[in-house]
Each structure stands twice: as structure tokens, then as C-alpha cells.
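Notes for the structure review
Each chain is listed here by its residues.
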Amino acid sequence: MAAAAELTLLEKSLGLSKGNKYSAQGERQIPVLQTNNGPSLTGLTTIAAHLVKQANKEYLLGNTAEEKAIVQQWLEYRVTQVDGHTNKEDIHILLKDLNSYLEDKVYLTGYNFTLADILLYYGLHRFIVDLTVQEKEKYLNVSRWFCHIQHYPGIRQHLSSVVFIKNRLYTNSH
Amino acid sequence: MGFGDLKSLPGLQVLNDYLADKSYIEGYVPSQADVAVFEAVSGPPPADLCHALRWYNHIKSYEKEKASLPGVKKALGKYGPANVEDTTGSGVADSKDDDDIDLFGSDDEEESEEAKRLREERLAQYESKKAKKPALVAKSSILLDVKPWDDETDMAKLEECVRSIQADGLVWGSSKLVPVGYGIKKLQIQCVVEDDKVGTDMLEEQITAFEDYVQSMDVAAFNKI
């Protein structure tokens, strides 16, 4: 998903009505937002954080100092790890790590829904769509988290809903 | 439904398995369902039941807003996996009843008699209704392939022979000739049978009995109606 399209999705899920125009910069198509009376903002997570503040939903950036740090960590992860890799093997390593991380968590930060969940959901969507039933079951914790976020009101929008089978089929695999 | 005894390890194990692919007991937001189950668990589940523990800690973080969570609390046995026997229901209710002080004993008695009468009436009504309804007859639609000996076999005669088989609960349907190769055609014929009265074995026996015409026969399709 192009970064600009993703930011438009984010705007909608935050309830921002004014549609911003984004331009793309450089070879990797880094999104740029020209603000009315200030400097232009560059980069997906920078603009996303800005949008959250604009929407007065700062709780999405974390409540405590630690939570803020964790959100920041996952936003970085999203840009460097998820967007940086496109080949299948890398994605599977990434999903495996994420799977063990999410084992004892409901959201990325633990108990609270944050911007990190939204952006990681958008970032992983194109990979999760292509997973087989067996893989989805192998990354059970990721699947649970993903399914949870896609049902969070206002997040999924026009993205396709990924189907997760309720009964486990491959009981021996884990 | 239900998790069994949530104070014991087997019950927690069921809860753990149930929560492996879910964040909440019901749906995608914390609700009274979570509160109900949370209250039934005596303390944090052991660390090896990681899914149950994750859920427990998550619901614990809602402690203060517990009452404001959406949904209506149901009996504990209404939650959880469908394939587990509910053991929490009746036993608990019974012991509660015993403790109650029966202030209006006689009234209660009368009412229950009234209820009993009503129930019996309904039961009788239901029985009579059921009796009137004709019993459902299990039927099947069968497609048979009947193969002749060679291209000189008279297919019209063959079909006549097949259709001459009569039995209670057997109705012949449409048929057609399907070319097999080298000018040989096989007869494909549809029939509807009542499962209790006619079997494919009996059909096969009778059809292959016309050995002047029939080389062999197969059941091409068998569908319950």
C-alpha cells in the first residue's frame, strides 16, 4: 500500500474530515505533508503522529512514558523492518518474532490500543492476506492480534477482511 | 458450553485453549462476558498457560471500569467452547434454593401446580401435532450406468428390460444413451428409491440378470434427497 493511501486511511479512522494532500519524495516514495503555516513533514510515522495530535487522540501515542517509548519502537519497526523487507523468507522470520512477542499481549503495548497497532496492521495486511491456513495457524498469536485489530471499529475500512478459521486444523504443528 | 471448573487446572486448560486465538471471551471488545469469567477464576493462571494469563492480566487492567463494560452478564456455563459439558449450572442453583427461606410456601406450591398443568397441556399438544405429521421417508436418487456387450446389442431392448424391473419404492426416471467408443453406447438411467425398501445391491442383481444384454452396471451417482 502506498504511504499516501495509508495515511488517508489513518485520517479516516481518526475521524479527521479534512483530506490532506501528500506528495512523494525520492526513490522510496517517502510521503511528505506540507502544513499550512510551518515546515513540511516527512516520513510515514512523523506524519501519522502529527495526524493523531491533530485529531486530539494523543492517547494513541501511549499513556505512560514507557508506553510512549514502546509505541515509538514499533513505529520504527514498522518502517525499518516491515517496509524494508519484501521477500518471503524475511517476512516469515519477522512473523515468527512477532508471534512470540504477542504471546502474552493483546495489543503491541500490552493493554492499550495505540497508533503502533494501526500502522503495523496496515503494514502487514498485504502479507497476511497471502498466508495459507496452516501459516496463519502457525503464527497463532499474530493471527489473533490481526483479527482483533481488523475488527476494531473504523480501522479496516476498504481493506479486505482476512478470514481466520475458528477451529484449529493442524494440532501437531505447535 | 462452559469451561468446567475454573478453579482447577483442567478448567484453566480449557480456558487457555479457548483464548489461544481470541483476545476476549466474546467478540472484539471487553464485555461483561469477560468480567463473569474473570470473577470465576480464583487468581492469575500459571505462567505456562500463557493465553489464559494474558487474558487475565488484560481484563485485570479494566478493573476500575468493570461495571461500565458493555453486555449483560450471563451464567458462566453460557460462555466458552461449545463442546465442553456445562458443569456449573444446575448444581449451584439447587444449593441456592435450599438456603432460601420459604415465606410464601403455599402460594409457591399452587403456582407450581398451575405450571405443571400448563406444561402437561403443552406436551400433549406437541405430541398430537407430532403424531399428525407424516414420517419422513428417506429417499435417494441414483444414476446407473448399464453397459452392453458390444455395439450390436439392442439398446432399446436393454432399456426395456431395465425398466421392466418393478419393486415397491422404486421409480424409474429419464435415461439417455452415452457413447463410450467404437460405436458402443451405454445406457445412463435415473431412478428414485426409498432407502428402506430398495438397495443398490438388489438393483445390480436384477439388472445383471439380463445377461443377454447387460455386460455390467455401475452406480454413477448416488444422492440422498
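Chain B is annotated in an unreviewed UniProt entry as Elongation factor 1-beta of Carlito syrichta. Check the Sequence similarities (unreviewed entry) section of the UniProt entry for chain B; it says "Belongs to the EF-1-beta/EF-1-delta family." Reading the Subunit (unreviewed entry) entry of the UniProt record for chain B gives the comment "EF-1 is composed of 4 subunits: alpha, beta (alpha subunit of the eEF1B subcomplex), delta (beta subunit of the eEF1B subcomplex), and gamma (gamma subunit of the eEF1B subcomplex). Interacts with elongation factor EEF1A1."

Going by what an unreviewed UniProt entry lists, chain A is known as Eukaryotic translation elongation factor 1 epsilon-1 and is assigned to Carlito syrichta.

1. What to know about the nonpolar core
Formed by 76 residues in total, the largest nonpolar core has its most connected members in Leu 10 and Leu 124 of chain A together with Leu 15, Ile 25 and Trp 55 of chain B. Per element, the largest residue contribution to this core is 10 residues, and it comes from helix H5 (residues 115-128) of chain A. In this structure, Leu 10 of chain A is in contact with Ala 48, Leu 51, Leu 115, Ile 118, Leu 119 and Tyr 122 of chain A, ignoring residues within four places of it in sequence. Ranked by size, the runner-up nonpolar core spans 18 residues in total, among them Val 162, Leu 170, Val 193 and Met 217 of chain B.

2. Some remarks on the pairing of strand S1 (residues 22-25) of chain A
Residue and element names in this part refer to chain A. In the sheet, S1 pairs with strand S2 (residues 30-34) via four bridges, with the strands oriented antiparallel. What sits directly across from Ala 24, in S2, is Pro 31. Hairpin connection between S1 and S2: a loop of four residues separates the two successive antiparallel strands, and Gly 26 in this loop has a positive phi of roughly 75°.

3. Topic: the pairing of strand S1 (residues 139-148) of chain B
Put simply, side chains in a regular strand alternate between the two faces of the sheet. All names here are of chain B. Burial of S1 is extensive: seven of the 10 residues sit out of reach of the surface. Note that S1 and strand S3 (residues 184-194) share eight bridges and pair antiparallel. Following the sheet pairing, Ser 140 is matched in S3 by Val 193. Looking at chain direction, S1 and strand S4 (residues 214-224) are connected through nine bridges and run antiparallel. Residue pairing for S4: Ser 141 is matched across the bridge by Asn 223.

4. Things to note about the side chain of Gln 32 of chain B
Residue and element names in this part refer to chain B. Relative to the assigned elements, Gln 32 resides in helix H2 (residues 32-40). A polar side-chain atom of Gln 32 sits 3.1 Å from the main-chain carbonyl oxygen of Lys 66. Ignoring anything within four residues of it in the chain, the contact list for Gln 32 reads Lys 66, Ala 67, Leu 69, Pro 70, Gly 71, Val 72, Lys 73 and Tyr 79.

5. Digging into the environment of Val 35 of chain B
For Val 35 of chain B, the location among the structural elements is in helix H2. Those residues within four positions of Val 35 of chain B in sequence are excluded, and the remaining contacts are Lys 66, Leu 69 and Lys 73 of chain B.

6. Details of helix H3 (residues 65-82) of chain A
Spacing of three or four residues puts side chains on the same side of an α-helix, whose turn is 3.6 residues. Residues and elements named next belong to chain A. Taking 1.5 Å per residue as the helical rise, H3 with its 18 residues ought to reach 26 Å, and the 25 Å between its terminal C-alpha atoms agrees with that figure. Taken as a whole, H3 has its buried residues at Glu 67, Val 71, Trp 74, Leu 75, Tyr 77, Arg 78 and Val 82. For H3, the arc enclosing every buried residue in end-on projection is 155°, short of the 170-degree limit, so these residues lie on one face. What points out from H3, more than 90 degrees from its buried face, is the exposed set Ala 65 and Glu 66. Where H3 is buried, its residues contact helix H1 (3-14), helix H2 (44-54), helix H4 (88-101) and H5.

The rules we used
Residues numbered from 1 in each chain as written. Chains lettered and ligands numbered in written order. Predicted model: local features only at pLDDT ≥ 70, side-chain atom pairs only at ≥ 80, totals over all residues. Heavy atoms only, no water. UniProt positions renumbered as here; feature names shortened; annotations may be inferred. Core = buried A, V, L, I, M, F, W, Y, C linked by side-chain atoms within 4.5 Å. Buried < 20%, exposed > 50% of the residue type's maximum accessible area, 1.4 Å probe, protein only. Helix = DSSP H or I, 4+ residues; strand = E, 2+ residues; numbered from the N terminus. Contact = heavy atoms within 4.5 Å. Pairing = 2+ DSSP bridges. Polar contact = N/O pair within 3.5 Å; in protein donor to acceptor, adjacent residues only side chain to side chain. Expected span 1.5 Å × (residues − 1). Arc of directions from axis to C-beta.

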